[in-house]
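The chain contents come next:
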Amino acid sequence: MLAYLARRLVRLILSLVAVSIITFGLLQLVPGSFSELAEAGTSELGGDASATDPALTERYGEQVPAWEQYLTFMRGLVTFDMGPSYRYPQSTVEELIIEAFPVSLSLAVPAMLLTLLIAVPVGVMAAVKKGKLADYGSVFTLTTLQALPGYLFALLLVLVFAVWLGMLPVRGWAGPEYLVIPVVALAVQPTAMLARYVRTSMLEELREDYVVAAQAKGGRRRVVLVRHVLRNSLIPLVTVAGPLFANLATGTVFIEALLGIPGLGRLFTTAARTRDMPLLMGTTLFFALIFLLMNLIVDMVYGLLDPRIRHQRSSGWRRPKPPRRLLATTSRGRGTPGHDAPDRSPAAPGDVEVARP
Amino acid sequence: MSELQHIPQGELGRGWARFKRNRLALGSLVFVGLLVAVALAAPLLAPYSYAEQDLTGRFLPPLSDGHLLGTDELGRDVFSRLIYSLRTALLIGFAAELVALAVALVIGMWAAYQGGRVEQWLMGFTDIMYAFPNYLFAVLLVVIMGRSPLSIIVAIGIASWVNQARLIRAQVLKIKTFEFVEALRSIGTSGFSIAVRHILPNAVGPLLVTTSFGIPLAIIAESGLAILGLGVAPPTPSWGGMIIDGYTYVLGNPQLIVAPLTLFGLTMLAFTWIGDGLRDAFDTGEEDRA
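Residues numbered from 1 in each chain as written. Chains lettered and ligands numbered in written order. Predicted model: local features only at pLDDT ≥ 70, side-chain atom pairs only at ≥ 80, totals over all residues. Heavy atoms only, no water.

Named according to an unreviewed UniProt entry, chain B is ABC transporter permease originating from Jiangella asiatica. Its UniProt record gives chain B a comment under Sequence similarities (unreviewed entry), which states: "Belongs to the binding-protein-dependent transport system permease family. OppBC subfamily." On record in UniProt, under Subcellular location (unreviewed entry), the comment for chain B is "Cell membrane". (UniProt positions renumbered as here; feature names shortened; annotations may be inferred.)

Within an unreviewed UniProt entry, the label attached to chain A reads ABC transporter permease, and the organism entered is Jiangella asiatica. Note on chain A: under the UniProt heading Subcellular location (unreviewed entry), the record states "Cell membrane". Chain A has a UniProt comment under Sequence similarities (unreviewed entry) that states "Belongs to the binding-protein-dependent transport system permease family."

Structural data, given as structure tokens:
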């Protein structure tokens, strides 16, 4: 297990380095040197171009070759000193990220809870009523909901609750009432996706022999369903819920931009629009780190939850293909993650070994 | 003999026969066809130009003075802008998906067919692309390439091929094990020819399904970019742009948002139902098979 963890950590670091190189390389394609852009950025925003921080010029000035800028940045990443941002020269990149992250988290955590609270019962209900009207109805509704992006729901909620009923604020970030619309809007798509996943997972478990055994031994339907089937079918849920949370915690970009929420997504967007290179590098790597860490945690937790699964030697870069049953969902929901989770279903090939008695 | 001729031949024909029975999917297809027609005929249908401003007639309510859906904050006709925005959405949606599909086809098929080291490298690269959170890569690319329609198409396409490449690879890996591939190889058909002329036609169903789900995602990305201020440059209308512009005045003039929101939502639903219909028709999704 420890060796596995070590290998995974190495892979995580390699992935981060790759992401940083790609990002930095792409940013090099933007014409003009870093500090020129910095000046353009500040004067565009009404700032004084001559007041550019000397620390910026020293780090990203014209005379500094690109590879050195990259190394400086990466050193800063490790020593937690990424230097000032162009747009906000008085604060450093890490300060900006630390400031914005709690805002995004305060949306992501309630949205995640709401998702689980709704998705699990709906999924169970659909599975239990398999083939009946309630099943068809909920599957149809879920598919439909999953098709609409979160920002459309945010708009819909704004129109109903802010404009029509006047109950909630239209935009801004000043109190708990500002949380309602973004949290609900964020939760809709993940809820639809997760509920369908719970349904599929439940149906799969229901076919297992132990269900028949439990029923044969006189277990009441409800007890069998909750204590045996549901418990087992929630295990694969971890693989979806982890990346989902990473997605909520980082990528609320559109909703944050629309509703004027000063979270990570908006930090990234502002950095992109003002071409604030250090901040852009910083946020991109932070996002990638959260995604990769979440995947790692999911894999670890999964091994603990399901003792049938042992982590075997993972072969270099290759990851097993995603579960077949998720592909359909995946192809529609690139906005929703979870498809990079390895397949842990017992039939899956790859670097996860299933030991059956 | 005559009965036999009624059985549609080929993967596509059989899929279409099944697809036709799904009323919702068929209706959606008709709706999308209608949208395409409207987008193509935009100059004929739009009563005004999408950029024509009339600062004396700002925020006119719907149905007033020849403006079916009223006017926006610059006095532009909302109905005309809506028709033209359909052009933006569909053009970028279809084209970006085409770019993504092309990249995914090359990488997915090459990886699956070649195997070995090539596959490891290609799939490793796909993994790295996964570490970029959704849409962020598209934002990065637009920042680099600018806001012209072409660069937005390329940016969205490049940012969204990863899933499709994985799917194609999985399909090719499956088909590769079929006996006819072995037979072809035994008679000396070249690898390229097998992949393109024999494996690809057999994967047409799953490809259609991914495409039909990929187009709405590209449209969502395009409108999202516009919301971030990185969409097509004004005055070219796009749903995201209309939404973010109208949002400033949402309390007094909610109709400015309702119009693009409705059309946007309906379009998304139509594409999803088409995708669902295709998936059932080609039986590629195992999701609901229990």
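Having seen it, we continue.
Trainee: Looking at this structure, I do not really get the interface of chain A and chain B. What am I missing?
Mentor: Reports often express the size of an interface as the amount of accessible area lost when the parts come together. If you look at the interface, chain A gives 65 residues, while chain B gives 61 residues. Buried surface at the junction of chain A and chain B, summed over both partners, amounts to about 6,000 Å²; 72% is from carbon and sulfur atoms. Inspection of the region where chain A meets chain B yields 0 salt bridges. Taken together, chain A and chain B are joined by 3 residue pairs in polar contact (both at pLDDT 80 or more). Elements supplying a minimum of two residues to the side of chain A that touches chain B: α1 (2-28), α6 (133-147), α7 (150-164), α8 (180-206), α12 (253-259), α13 (264-273), α14 (277-305) and α15 (324-332) of chain A. (Contact = heavy atoms within 4.5 Å. Buried area = accessible area lost by both parts, 1.4 Å probe. Salt bridge = Lys/Arg side-chain N within 4 Å of Asp/Glu carboxyl O. Polar contact = N/O pair within 3.5 Å; in protein donor to acceptor, adjacent residues only side chain to side chain. Helix = DSSP H or I, 4+ residues; strand = E, 2+ residues; numbered from the N terminus.)

Trainee: It is not clear to me how the pattern of salt bridges should be interpreted in this structure. Could you clarify?
Mentor: Any two side chains of opposite charge can pair, so long as their charged atoms come close to each other. Residues and elements named next belong to chain A. This model, assessed by the stated rule, comprises 4 salt bridges over all chains. Between Asp-299 and Arg-8 there is a salt bridge; the shortest N-O distance is 2.3 Å. In this pair, Asp-299 is assigned in helix α14 and Arg-8 in helix α1, connecting sequence segments 291 residues apart. The buried category is assigned to Asp-299, whose relative accessible area is 4%. (Buried < 20%, exposed > 50% of the residue type's maximum accessible area, 1.4 Å probe, protein only.)

Trainee: What am I meant to see in the domain arrangement of chain A here?
Mentor: Residue and element names in this part refer to chain A. The domain architecture assigned to chain A consists of domain 1 (1-79) and domain 2 (93-309). Taken together, the 22 residues of domain 1 in the interface contact 17 residues of domain 2. Buried area between domain 1 and domain 2, both sides added, is near 1,800 Å², and the carbon and sulfur share of it is 87%. Interface area lost by domain 1 to domain 2 is led by Arg-8, Leu-12 and Phe-73, which between them contribute 26%. Scanning the region where domain 1 abuts domain 2 turns up 1 salt bridge. At the junction of domain 1 with domain 2, the criterion picks out 1 residue pair in polar contact (both at pLDDT 80 or more). Every element with two or more residues in the side of domain 1 that touches domain 2 is listed here: α1, α2 (34-44) and α4 (66-79). (Domains from an automatic or database assignment.)

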